[in-house]
Amino acid sequence: MLGILIALLSGALMSIQGVFNTEVTKNTSLWVSNCWVQITAFAVCLIGWFFTGRQSFGGLFVMDHKYMLFGGVIGAFITLTVIQSMSQLGPARAVMLIVVSQLLIAYLIELFGLFGVEKVEFDWRKVIGMGLAISGIIIFKWK
């Protein structure tokens, strides 16, 4: 149950952040806004790290799969693409497409066991669910 609540909070925060970042971009630029997001996120992470045990950063250098360290780079492009999609489509449409894309890619990662994730069997119910989600977007967007 806690996982569900955290996931719902995450989705809500992502939507709010996207709107905030889009507004900041209107007064600055895409890259200035993105820099601000990353710098403030870094500051919050440092504060959190300081108060929660201060584990060594050395673990970053002994990872088996070094490509996993590119999460921050991906995060910068996530911020960039969320800002652009929200400014062009509006928050509701952008978030619907973002969520369906997340769902599709997450299922493919599980289906093929990519990036060390445990592989799952193909399930038609999940494909049908994806189809329903896409249908929902079409209905929502329908004028």
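Anyway, here's the lowdown on the structure attached to this text. Everything numeric here is computed off the predicted structure, so don't read it as measured data.

Concerning the overall build of the protein
- Summing up its helical and strand segments, the protein has five helices and zero strands in all.
- Traced from its N-terminal end to its C-terminal end, the protein shows the element sequence α-α-α-α-α.
- Dimensions of the protein along its principal axes, counting C-alpha atoms only, are 50 × 45 × 30 Å.
- Considering the protein as a whole, with its 143 residues, one finds that 16% of them fall into the buried category.
- A fraction of 54% describes how many contacts in the protein between residues 6 or more apart in sequence connect residues 24 or more apart.

With respect to helix H5 (residues 124–141)
- Across its 18 residues, H5 extends 26 Å between first and last C-alpha, which sits within 8% of the 26 Å expected from 1.5 Å per residue.
- The N-cap residue of H5 is Asp123: its side-chain oxygen and the backbone nitrogen of Arg125 are 2.9 Å apart.

Observations concerning the packing of aromatic side chains
- Counted by the stated rule, this structure contains four aromatic pairs.
- For the pair Phe50 and Phe51, a centre-to-centre distance of 5.2 Å together with 90 degrees between the ring planes defines the contact as edge-to-face.
- Between the aromatic rings of Phe122 and Trp124, the centroid separation amounts to 5.0 Å while the plane-to-plane angle is 90 degrees, which identifies the pairing as edge-to-face.
- Classification of Phe122 as partly exposed rests on a relative accessible area of 44%.
- Judged by relative accessible area, which is 59%, Trp124 ranks as exposed.
- If you follow Arg54 out to its NZ or CZ, it ends over the ring of Phe50, 4.3 Å from the centre.

Considerations on the packing of helix H2 (residues 30–51) against helix H3 (residues 71–89)
- Where H2 contacts H3, the axes come no closer than 10 Å and their chain directions differ by 130 degrees. The orientation of H2 relative to H3 falls into the category oblique. The way H2 lies across H3 gives a crossing that is right-handed. On the side of H2, the interface is formed by Leu30, Trp31, Ser33, Asn34, Val37 and Gln38, while H3 contributes Gly75, Ala76, Phe77, Thr79, Leu80, Ile83 and Gln84.
- Here the contact of H2 with H3 is composed, by residue class, of seven nonpolar, six polar and no charged.

So, the side chain of Thr25
- Mapped onto the fold, Thr25 is located in helix H1 (residues 2–27).
- Residue class for Thr25 comes out buried when judged on its relative accessible area of 16%.
- Here Ser33 takes part through its side chain, which lies 3.1 Å from a polar atom of the side chain of Thr25.
- Among all residues touching Thr25, those that are not within four sequence positions of it are Leu30, Ser33 and Ile83.

Focus on the pattern of salt bridges
- Within this structure, the stated rule accounts for two salt bridges.
- We note a salt bridge from Lys26 to Glu23, for which the minimum N-O separation is 2.9 Å. Pair noted here: Lys26 and Glu23 are both in helix H1, with a separation of three residues, about one helical turn.
- One salt bridge in this structure joins Arg125 and Asp123, with 3.1 Å as the shortest N-O distance.
- Accessibility expressed as a relative area gives 66% for Arg125, which makes it exposed.
- Among the residues examined, Asp123 registers a relative accessible area of 18% and is labelled buried.

Criteria and cut-off values
Residues numbered from 1 in each chain as written. Predicted model: local features only at pLDDT ≥ 70, side-chain atom pairs only at ≥ 80, totals over all residues. Heavy atoms only, no water. Helix = DSSP H or I, 4+ residues; strand = E, 2+ residues; numbered from the N terminus. Buried < 20%, exposed > 50% of the residue type's maximum accessible area, 1.4 Å probe, protein only. Contact = heavy atoms within 4.5 Å. Expected span 1.5 Å × (residues − 1). Polar contact = N/O pair within 3.5 Å; in protein donor to acceptor, adjacent residues only side chain to side chain. Phe/Tyr/Trp six-rings, centres within 6.5 Å; stacked < 30°, edge-to-face > 60°. Lys NZ or Arg CZ within 6 Å of the ring centre and 35° of its normal. Axes fitted to C-alpha atoms, helices over the stretch in contact; angles between N-to-C directions. Parallel < 35°, antiparallel > 145°, perpendicular 65-115°, else oblique. Left-handed = near helix turned anticlockwise from the far one by under 90°. Nonpolar A, V, L, I, M, F, W, Y, C, P; charged D, E, K, R; others polar. Salt bridge = Lys/Arg side-chain N within 4 Å of Asp/Glu carboxyl O.

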